[in-house]
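# Understanding the architecture of this molecule
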Amino acid sequence: MIWSITKSNIKKNFSLYRIYFLATIGLLSVFIAFLNFISDKIIAEKIGDSGQALVIANGSLVFLIVFLVVFLIYFNNFFVKKRSQELGVLAILGFSKRELTKLLTLENLVILVLSYLVSLLLGPTLYFLAVLVITHLLDLTMEVHWFITVNEFIKSLGILVVVFLINFITNGLIISKQSLIEFVNFSRKAEKKIRIRKVRAIIAITALLLSYILCLATVFSSTRNMLLSIGMVPISLSIIILVILGTIFTIRYGLTFVIFLLKENKKRLYRPLSNIIYPKFNYRIATKNKLLTVLGGLLTLTVSVTGIMVMLYAYSLNGIERLTPSAIEYNVKSENGQVNVTNILENDQVSLVDVDLLRLNTNPEVTITESGQTIPYFDVINYSDYKELMKAQGRTNSIEGSESLPLLINYYPTEISLGKTFNLENAYDVTVKQVSTNNVFSFSTSVTTLVVSDKLYAELSARFPEKEITIRTFNGNSIRSSETFYNQFSMVPDVISSYSREYTVKTANIATYIFITFLSILFIICTGSILYFTSLIEIMENKEEYSYLSKLGYSKKLINRILGYETGILFLIPVLIGIVNGSMLLIFYKYLFMDTLVAGNIIMLSLLLCLFFFLIIYGTFYLLTLRSVKSIINN
Amino acid sequence: MKQLVLKDVCKKYPNQLNYALDHINMIVEKGEFVAVMGRSGSGKTTLLNVTSIIDKIDSGNIYCADKEISTFSDKEATNFRKNDIGFVFQDYMLLDSLTIRENISVALSLKNVDSSKIDDLINSYAKRFNLYEQLKKYPYQLSGGQRQRVSIIRAIIKEPEIIFADEPTGALDLKSSEGTMGILSEINKTEKVTILMVTHDVLSASYADRVILLKDGKLHMEIDKKDCGESFYDVISQALSDRGE
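Residues numbered from 1 in each chain as written. Chains lettered and ligands numbered in written order. Predicted model: local features only at pLDDT ≥ 70, side-chain atom pairs only at ≥ 80, totals over all residues. Heavy atoms only, no water.

We now examine the overall build of chain A. For chain A, the count of helices and strands is 20 helices and ten strands. Evaluated residue by residue, chain A yields a buried proportion of 53% over its 635 residues. Restricting to contacts in chain A with at least 6 residues of sequence separation, those with at least 24 account for 83%. In the form shown here, chain A has an accessible surface area of approximately 29,000 Å², with 62% of it arising from carbon and sulfur atoms. (Helix = DSSP H or I, 4+ residues; strand = E, 2+ residues; numbered from the N terminus. Buried < 20%, exposed > 50% of the residue type's maximum accessible area, 1.4 Å probe, protein only. Contact = heavy atoms within 4.5 Å. Areas by Shrake-Rupley, 256 points an atom, 1.4 Å probe, with all protein chains shown as cover.)

Our focus in this paragraph is the overall build of chain B. Of regular secondary structure, chain B possesses nine helices and ten strands. Over its C-alpha trace chain B gives a radius of gyration of 18 Å, about what one expects of a compact globule, namely 18 Å for 245 residues. Counting only C-alpha atoms and orienting by the principal axes, one finds that chain B spans roughly 50 × 40 × 35 Å. For chain B, the residues scored as buried account for 55% of the 245 residues in total. Long-range contacts, defined as pairs at least 24 residues apart, comprise 69% of the intrachain contacts of chain B with a sequence gap of at least 6. Carbon and sulfur atoms make up 46% of the accessible area of chain B, which totals about 10,600 Å². Where the 32 positive side-chain charges of chain B centre and where its 36 negative ones centre are 3 Å apart. (Rg over C-alpha atoms; globule rule 2.2 N^0.38 Å. Lys, Arg positive; Asp, Glu negative; His and termini not counted. Charge placed at Lys NZ, Arg CZ, Asp CG, Glu CD.)

Next up on the list: helix α5 (residues 97–137) of chain A. For α5(A), spanning 41 residues, the distance from its first C-alpha to its last is 55 Å, which sits close to the expected 60 Å at 1.5 Å a residue. A maximum bend of about 35° is found in α5(A) at A:S119. (Expected span 1.5 Å × (residues − 1). Bend = angle between axes of the 7 residues up to and from the residue.)

Here we come to a positive patch on the surface. Residues and elements named next belong to chain A. Where like charges cluster on the molecular surface, the positive patch consists of R195, R197, R200, R252 and K290. Mapped onto the secondary structure, R200 falls in helix α8 (residues 198–217). Overall, the relative accessible area of 41% leaves R200 in the partly exposed class. (Patch = residues over 30% accessible without salt bridge, like charges linked within 9 Å, V, L, I, M, F, W, Y side chains within 5 Å. Salt bridge = Lys/Arg side-chain N within 4 Å of Asp/Glu carboxyl O.)

This part is about the sheet that holds strand β4 (residues 59–64) of chain B. Residues and elements named next belong to chain B. The four strands lie next to each other as β2-β1-β4-β5, forming an open sheet whose pairing is antiparallel. Each having just a single partner strand, β2 (21–29) and β5 (67–68) make up the two edges of the open sheet. Where strand β1 (residues 2–11) lies against β4, five bridges are found, and the strand directions are antiparallel. Across the sheet, K7 pairs through a bridge with N61, a residue of β4. (Pairing = 2+ DSSP bridges.)

This part covers the pattern of salt bridges. Evaluation of the coordinates by the stated rule reveals 18 salt bridges over all chains. Across the salt bridge formed by A:R359 and A:D379, the nearest N and O atoms sit 2.7 Å from each other. Taken as a pair, A:R359 in strand β2 (residues 351–367) and A:D379 in strand β3 (residues 374–382) lie far apart in primary sequence, 20 residues in all. Between B:K218 and B:D22 there is a salt bridge, with its nearest N and O atoms 3.6 Å apart. Within this pair, whereas B:K218 is found in strand β10 (residues 218–224), its partner B:D22 is found in strand β2, the two being separated by 196 residues in sequence. Owing to a relative accessible area of 45%, B:K218 belongs among the partly exposed residues under this scheme. Several salt bridges converge on common partners, so that one network encompasses A:K280, A:R284, A:K288, A:E538, A:E545 and A:E566.

A:F518, A:L549, A:Y554, A:I573, B:L196, B:V211 and B:I236 are the most contacted members of the largest nonpolar core, which has 185 residues in total. Counting residues per element, this core draws most heavily on helix α17 (residues 498–541) of chain A, which supplies 18 residues. Residues contacting A:Y554, with those up to four places away along its chain left out, are A:P272, A:I276, A:L549, A:I559, A:I562, B:T78, B:V106 and B:L110. In terms of nonpolar packing, the next biggest core, distinct from the first, is built from 18 residues, A:L358, A:F378, A:L408 and A:L460 among them. (Core = buried A, V, L, I, M, F, W, Y, C linked by side-chain atoms within 4.5 Å.)

Attention now moves to the interface of chain B and chain A. Taken together, the contact pairs 30 residues of chain B with 27 residues of chain A. Carbon and sulfur atoms supply 60% of the area buried between chain B and chain A, which totals about 2,600 Å² over both sides. Where chain B meets chain A, there are two salt bridges. The partner of B:E102 in a salt bridge is A:K263, with the nearest N and O atoms 2.6 Å apart. Here chain B and chain A share nine residue pairs in polar contact (both at pLDDT 80 or more) between them. Secondary structure elements with two or more residues in the side of chain B that touches chain A: α2 (74–83), β6 (85–89), α3 (100–110), α4 (115–128) and α5 (144–156) of chain B. Among the elements that line the side of chain B that touches chain A, the one with the most residues is α3(B), at six residues. Here the residues of the side of chain B that touches chain A sort into 13 nonpolar, seven polar and ten charged. (Buried area = accessible area lost by both parts, 1.4 Å probe. Polar contact = N/O pair within 3.5 Å; in protein donor to acceptor, adjacent residues only side chain to side chain. Nonpolar A, V, L, I, M, F, W, Y, C, P; charged D, E, K, R; others polar.)

All names here are of chain A. Relative to the elements of secondary structure, S417 occurs in the loop between β4 (407–410) and β5 (421–424). According to the relative accessible area criterion, S417 is buried, its value standing at 1%. In contact with S417, other than residues within four places in its own chain, are V366, T367, L408, F422 and V432.

All right, on to the sheet that holds β6(B) then. All names here are of chain B. Strands sit in the order β6-β7-β8-β3-β9-β10 across an open sheet of six strands; the sheet is mixed. In this open sheet, the two strands that pair with only one neighbour each are β6 and β10. Sheet twist, expressed as the average angle between the axes of neighbouring strands with direction ignored, equals 20°. Taken together, the five bridges between β6 and strand β7 (residues 162–166) define a ladder with parallel strand orientation. Within β7, the residue paired with G86 across the bridge is I163. Contacting β3 (33–37), β9 (210–215) and β10, helix α9 (residues 232–242) crosses the sheet at an angle of about 155° to β10. (Axes fitted to C-alpha atoms, helices over the stretch in contact; angles between N-to-C directions.)

In this structure the tally under the stated criterion is 24 aromatic pairs over all chains. Judged by centre distance (6.3 Å) and plane angle (70°), the rings of A:F474 and A:F485 are edge-to-face. With A:F474 in strand β9 (residues 468–475) and A:F485 in helix α16 (residues 483–487), the pair connects residues that are eleven residues apart, well separated along the chain. Summarising the burial analysis for this pair, A:F474 and A:F485 share the class buried. Ring geometry for B:F72 versus B:F80: centroids 6.0 Å apart, planes at 75°, classification edge-to-face. One aromatic cluster in this structure is built from A:F34, A:F37, A:Y127 and A:F147. Positioned above the aromatic ring of B:Y19 is the side chain of B:K12, whose terminal nitrogen or guanidinium carbon lies 5.5 Å from the ring centre. (Phe/Tyr/Trp six-rings, centres within 6.5 Å; stacked < 30°, edge-to-face > 60°. Lys NZ or Arg CZ within 6 Å of the ring centre and 35° of its normal.)

On the surface, A:V233, A:L237, A:I240, A:I241, A:I244, A:L245, A:I248 and A:F249 cluster together into a nonpolar patch covering about 690 Å² of accessible area. With respect to the helices and strands, A:I244 occurs in helix α10 (residues 232–264).

What follows is about the confidence of the model for chain B. Low pLDDT means the predicted atomic positions in that stretch should not be read closely. Mean pLDDT over chain B works out to 89, with 99% of the residues at or above the 70 mark. Confidence, expressed as mean pLDDT per element, reaches its minimum in chain B at helix α8 (residues 225–228) of chain B with 84 and its maximum at strand β8 (residues 194–198) of chain B with 94. (pLDDT = per-residue confidence, 0-100.)

So, in structure tokens, the structure goes:
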């Protein structure tokens, strides 16, 4: 009998079950996709090389398990709450509490088993598609295939059993503790009094703003140095604590206070839309602040992790430009006539520049780092060659005229040598007039390039002809990433190629990129689906209020706008918090932990693109949610 | 002056054999308080829904102050509900997340009443109906009777031409029912607002000027207070009893 009631209940309450069913499938699929990911032999081998990635993988697995269990229990509780009146009726009709528990347990079992079976197909498919997209987006070479392992079957089943047992115990407790009348009234909202805590709100907002100010302070060198003088660890810790506490209490107290202030403006409040939206906003904060905080935190984590990966990727790629400023570079002596230069130069896009370089000993030695590391020689080149090579590399000449010469090009940003006089080969004195990090050679060729006037170079060259070598360079936009072009030089010993450097960088980091991108996709799916289902649940709980509004004279258009705002609030708070917090932490990371010399603008641009991408993704989630919400209300 | 006129109004729900409203002809004068009674399924609530154009009719015409409202477009119907009518329902129709003041102000802000006047208006009505102390509270903090008073204030504060009341005392105890009906009767007399009320309760119906009895979707009988005087309550009771209700 219980079984037949279970079947008819599932059929009858399909709209309600559908949400629970889809939520369970969504979360389980994400979990199985992650298991799929860490079971992937290619990824496992790559991750195995990186201790850091392995720690992140294991940490993420624990995090996902907790996340999955908590939200499946959350959805189950909602489900029981929604159906409690119906269960109350069954109790009145004579069903014992044991039978009611049995009924809920059976329903739960059906949903979980069905979700499990669907997720076993959907999870690996999700992983397959994600890896396909990632490898395509990042232009990586990797074999992609659909698979599932016994380990995944067992682990996901284990989680499901845990969820089932927790739900069984929770449902049993709910049923055993409720009296009949409480049961009938259980579905009514747990009312929460909205209290305005002015002082706490101001402290919370101030803490959050202070953390932002500290992050932004790292952008400017003067304030950055001031922060560094306090110490990297205390500043980092302070920022993280301020962001966490500021976020939690701003959601808890700050937002209600802001709405309270908005509501004080009666002209603003007494409008058809704000009269409904402002109070509902307050109510939502009061009832959903924990969920919003968790989602805000999760989104901050997602934005930060993805942002760091994007920055590192942009850094690596742009680092290639700095490490190999020419597409091809080699010492002419090592070539031995193997390269057919005439053929290569038939391509109009390609330009060849040969630069003569004198490696001259110097006294004192050249300090190349702030910590005092030295090198006993200069690689001297003339100004005309420097200009020509810069032009061939498509870069802007940073110095004009001889007043800036000699120019010292350092690998590390240090100005210790500026204004210092060096004696070359005990014969010539030169005083460095300018220091730059704008190198024209790869650092395999030269770490301390000294650009001197053509006249001085001619003198030095005539005096020390045995110290002169010729560096041959090939440049052109279309050839930097060209494997075909590189193959024409691959036989040259010690050839420096932008293509081979790029290939090495991508291959070495493939697992990390895929891993972090995949993790970000999982987080996005998790947060997005929770926002989606929570919105649907909220709207279903308050469905009748919209019919009241219609009867009061709210047009369909106005009601749709209210739905838009109501759903938007649930999305906007965590998304905004995630993006703002994440951006601030990323700015902090970039300026304090990354070499600021490498294409700072391109890194920032990549970061902005990444944030924009987040807005698009959550915007899409929002539109999908709004569509479902409107269909619930309008039907 | 005629406030509401129903001419040959018919309404049939899909998959139902019988009419929910079967050729109803009815007139409600301006300022009149009319109660509609009948057993479950007689068409009371359908009558209220079609006259307040929440629901559409299949045939016939409904006029409100000479305007044919049964042919209103969705937009016109929304404007009609927003400006010309007020609702009082058994389940109060209050929004849980809004305070009592905000619940009442919805009716005024929707009608674009000057925002500087809204608080004063709410205060005066709340004082009149003994709810001033409750304005900052939420619906769940009020008793059933108090919630129904809030719902009445929300209906009357926008000065509608008609109030539609669907079982306004259905969820209340005797004392609260008398209080609620007293208020509806008072506003009918002082504000001259027309009231069309659906009820099961004879006591509530006895506050009206006229009682209309429906049976199987048809207008079965009308009882006018003027004809009965003091025995209005007894006459209604007798009529229902004769019909086996």
